[in-house]
Amino acid sequence: LAALGPMERCQRKGLSHGRFAWEARLLPRIREVYRLLHGTEDLVTSCDNSFFAPDAHRKEASNKATLHVDQNKHDDRFKDEKGRSIGDWECFQSILYVWSSAAERASTTVVWPKSHTTIWNRIMADNKVMRAGLRGSHFTMVSGLQNAEEV
């Protein structure tokens, strides 16, 4: 499994954009959920990681937190047909579980409820985040903020 990438994330050997990831994105029921949520057939998807915990995977006593945001509003590299910068586009992140995540060894994914309304703007106000966005960087670790203790 180590050949696939660290932390069972399948980042090596093109697996993030391989047949499994594409098939999961294009499942009719998944597309229908997003069509209903957003009221459109005009959907764009991506997949940065496919990850899993095999049955033989041991239970972890603790996990390294990777608290982060994936969209930086300061990115101005691309514009849509209305002239809005990519940092201003609506972006929705989700997780698709294709196997159960009920086992103790299966998942450590945590979602910060309402972070898009409570904390995201404070993160985007950080000087380091602004500079990174202007360079086209989206992924932002909260621990890497100039003023991380304020978040």
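If you're wondering where the values come from, they're calculated on a predicted model, not measured in any experiment. (Residues numbered from 1 in each chain as written. Predicted model: local features only at pLDDT ≥ 70, side-chain atom pairs only at ≥ 80, totals over all residues. Heavy atoms only, no water.)

**Describing the environment of A56**
- On the secondary structure map, A56 appears in the loop between α2 (28-38) and β1 (68-69).
- When the C-alpha atoms of A56 and R105 are compared, they prove to be 9.1 Å apart, with 49 residues separating the residues in sequence. (Helix = DSSP H or I, 4+ residues; strand = E, 2+ residues; numbered from the N terminus.)

**Remarks on the nonpolar core**
- Counting residues in hydrophobic clusters, the biggest one holds eight residues: V69, I119, W120, I123, M124, V129, V142 and L145.
- No other element matches helix α4 (residues 120-124), which puts three residues into this core.
- Ignoring sequence-local partners within four residues, the contact set of M124 consists of V69, Q71, N72, K73, H74, V129 and M130. (Core = buried A, V, L, I, M, F, W, Y, C linked by side-chain atoms within 4.5 Å. Buried < 20%, exposed > 50% of the residue type's maximum accessible area, 1.4 Å probe, protein only. Contact = heavy atoms within 4.5 Å.)

**Observations concerning the pattern of salt bridges**
- In this structure the tally under the stated criterion is five salt bridges.
- R35 is the partner of E32 in a salt bridge, and the nearest nitrogen-oxygen pair spans 2.7 Å. Linking E32 with R35, this pair stays in helix α2, spanning three residues, or about one helical turn.
- Given the relative accessible area of 34%, E32 is considered partly exposed.
- Its salt-bridge partner being D75, residue R77 comes within 2.7 Å of it at the nearest N-O pair. (Salt bridge = Lys/Arg side-chain N within 4 Å of Asp/Glu carboxyl O.)

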